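Overview (structure and organization)
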Amino acid sequence: MELKKCKLGDVCDIFGRIGFRGYTVQDLVESPKDGAIALSPSNIVNGEIDLQKVTYISWFKYEESPEIKVNKDDIVLVKTGSSVGKTALVRDVVHPITLNPQFVVLKNLSVNPVYLSYILKGKNFQDSLWAITVGSTVPTLSQKNLAEIPISILPIEIQKKIASVLSALDDKIALNKKMNQKLEAMAKRLYDYWFVQYDFPDKNGHPYKTTGGPMTYNPALKREIPVGWEVKQICDIASFEKESVRPSDNPNIEYKHFSIPGYDECGSYVLETGESILSDKFKVSEIDILVSKLNPWTSRVIWGESQEHQICSTEFVVMKLHELKEKGFLYSLVKQPSFIDYCTRGSSGTSHSHRRVNPEYMMDYIFAYEKDAVQSFSAIVSRYALMMMKNLRENRRLTALRDKLLPLLMNGQVVVG
């Protein structure tokens, strides 16, 4: 296959926000009806556009810079700041989008947009990009230098085939992520029905409180709870792990390592060999729920799997359940806003991003408890969790396959039929 060598600027136009058309907080608006989305680096997650949390800019500022209005099949790329090089293909535009000053947008592509987006994510391009990035405090890449980065382009029909193969892998990864989000939402909604509204199924299968189930005021919780329920602390249903292991003492073991950065990157764990982990780690088992004691703590909750050689950062509190049948309940409990507020009130540290929660304080959290309801709920949520774990494992395999194929396909070393 013939590889045509060219420069990035040969296959697209590159636009960024012009300096004198920048904006201030006065140009920001609260609602999508009042303005367009101003894309920021946090809106690129795992190489895809994520608009769950966005900033809106006034329609005046949006219309002031028509050259950076973002359209379907454009490619956005971060040119300044700690996220330099983050890039994503714009697969759809559900609301008008423009750029903040950290971005450039690639438009008028003369190559397949999906194919080019994979080139930009590839190691060769990223290495070239960082080689011309200047500034130690605030890394910055000029549009002129970006346009000069060399790339190699295959014939258009091959581009389409490569794009199809890699897109199929990414589509499956995205589908698994969407399924996990749906399962998380189902678990959250179910917890709200059962343990906030107390509409768990009674002995006749009817919603308890709605159909007149007796309630009584509890002074510790400062609210009504079902008659016959009791108040417990997390330490009543779980202990926390204190035993640690040093992986470097066992270099032949491939540990399943739950780290804070690894979790933040992929929402799960990364595999590291014992030889490369030099500090003490907590042991993790199937009966454990991991909760970060480093802010933001409860956005990092991990379900311990039934595998050998699981370990985690000591920045996690490893909650070890007395009964495995209550695991789904504890998993949902530590994701609740009330638990988050409790941890926030009891945290300490020099800054918001470095605040920590003492494990003993975390384990003293109180809640309403009834064994049959807790274990019935846990059985349902455990099924959800096992499906989520399966999807996470599949996504790790698919991601590894995609990353292995990417350079081979782009260099013409693997032929797509």
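We now turn to the structure provided with this report. (Residues numbered from 1 in each chain as written. Predicted model: local features only at pLDDT ≥ 70, side-chain atom pairs only at ≥ 80, totals over all residues. Heavy atoms only, no water.)

A word on the overall build of the chain
Applied cut-off: For the purposes of this entry, the term helix denotes a DSSP run of H or I that reaches at least four residues, the term strand denotes a run of E that reaches at least two, and both are numbered from the N terminus. When accessible area is computed with a 1.4 Å probe and restricted to protein chains, residues below 20% of their type maximum are described as buried, those above 50% as exposed, and intermediate ones as partly exposed. Contacts between residues were defined by any pair of non-hydrogen atoms, one from each residue, lying within 4.5 Å. Working definition of accessibility: Shrake-Rupley area with a 1.4 Å probe, residue cover restricted to the visible protein chains.
Check the secondary structure of the chain and you find 12 helices and 27 strands. Taken along the three principal axes of its C-alpha coordinates, the chain extends 75 × 55 × 45 Å. When the 417 residues of the chain are sorted by exposure, 46% land in the buried category. Look at the contacts in the chain between residues 6 or more apart in sequence, and 74% of them connect residues 24 or more apart. Total accessible area on the chain stands at roughly 21,000 Å², and carbon and sulfur atoms take up 53% of it.

Things to note about the pattern of salt bridges
What counts is decided by this rule: By definition here, a salt bridge exists when the distance from a side-chain nitrogen of Lys or Arg to a carboxyl oxygen of Asp or Glu is within 4 Å.
Counting across every chain of the model gives 21 salt bridges. Of the charged contacts in the structure, one is a salt bridge between R393 and E305, with a shortest N-O distance of 2.3 Å. In this pair, R393 sits in helix α12 (residues 371–410) while E305 sits in the loop between β22 (301–303) and β23 (310–312), placing the two residues 88 residues apart along the sequence.

Comments concerning the nonpolar core
Heads up, the rule is: Buried Ala, Val, Leu, Ile, Met, Phe, Trp, Tyr and Cys residues that are joined via side-chain atoms within 4.5 Å together make up what is termed a nonpolar core.
Within the largest apolar cluster, 45 residues are counted, with the highest numbers of intra-cluster contacts made by I234, M319 and L330. A total of nine residues in this core trace back to one element, the largest contributor, which is α12. The contact partners of M319, leaving out residues within four places of it in the chain, are I234, A238, S239, I287, D288, I289, V291, L330, V334, F339, M362 and M363. The next biggest cluster of nonpolar side chains, apart from the first, holds 35 residues, and it includes L89, L120, I149 and I158.

What about the pairing of strand β11 (residues 103–107)?
This is how the line gets drawn: What makes two strands pair is DSSP finding at least two bridges between them.
For β11, the tally of buried residues reaches five of five residues, placing the bulk of the element in the interior. Neither face of β11 is exposed, since F103, V105 and K107 on one face and V104 and L106 on the opposite face are all buried. As paired elements, strand β2 (residues 13–16) and β11 share four bridges and run antiparallel to each other. Bridging from a neighbouring strand, I14 pairs with L106 of β11. The sheet contact formed by strand β8 (residues 75–78) and β11 spans four bridges and is antiparallel. Bridge assignment links I75 to a residue of β11, and that residue is L106.

Comments concerning helix α4 (residues 123–131)
For clarity, the cut-off: Directions are taken from the helix axis to each C-beta atom, and the arc is the one they span.
For α4, the complete set of buried residues consists of F125, Q126 and L129. Projected onto a plane normal to the axis of α4, the buried residues spread over an arc of 95° and lie on a single side. Turned more than 90 degrees from where α4 packs its buried face, K123, N124 and A131 sit exposed. Of the surrounding elements, those touching the buried residues of α4 are α1 (8–11), β8, β9 (87–89), α3 (113–121), α5 (143–147) and β12 (150–153).

A closer look at the sheet that holds strand β16 (residues 238–240)
Applicable threshold: What counts as an axis is a line fitted to C-alpha atoms, over the stretch in contact for a helix, and the angles between N-to-C directions run from 0 to 180 degrees.
Taken in spatial order, the four strands line up as β16-β24-β21-β22 in an open sheet, and their pairing is antiparallel. Pairing within the sheet leaves two strands with one partner each, and these edge strands are β16 and β22. Each adjacent strand pair in this sheet contributes to an overall mean axis angle of 25°, direction not counted.

Quick notes on helix α6 (residues 156–196)
For the record, the criterion: What a helix should span is 1.5 Å times the count of its residues minus one.
Under the 1.5 Å per step criterion, the end-to-end length of α6 is 57 Å for 41 residues, consistent within 8% with the ideal 60 Å. Of the residues flanking the end of α6, it is Y198, one or two places downstream, whose phi is positive at about 60°.

What about the side chain of T87?
Put simply, the rule is: Counting of polar contacts relies on pairs of N or O atoms within 3.5 Å, with two restrictions inside protein: one atom must be capable of donating a hydrogen and the other of accepting it, and residues adjacent in sequence are counted only when both atoms are side-chain atoms.
Tracing the chain through its elements places T87 in strand β9. Here V76 takes part through its backbone oxygen, which lies 2.9 Å from a polar atom of the side chain of T87.

Quick notes on the state of the cysteines
Put simply, the rule reads: When two cysteine sulfur atoms are found within 2.5 Å, that pair is recorded as a disulfide.
Evaluated as defined, the whole model comprises zero disulfides. Free of any disulfide, C6 has its nearest cysteine sulfur in C12, 9.4 Å distant.

As for unusual backbone geometry
One non-glycine residue with positive phi stands out, namely N46, at about 50°. Relative to the elements of secondary structure, N46 occurs in the loop between β5 (44–45) and β6 (48–49).

Side note on the environment of I57
Secondary-structure assignment places I57 in strand β7 (residues 56–58). Setting aside its immediate chain neighbours within four residues, I57 contacts R17, Y23, D27, L28, V29, D34, G35, A36, A38 and T98.

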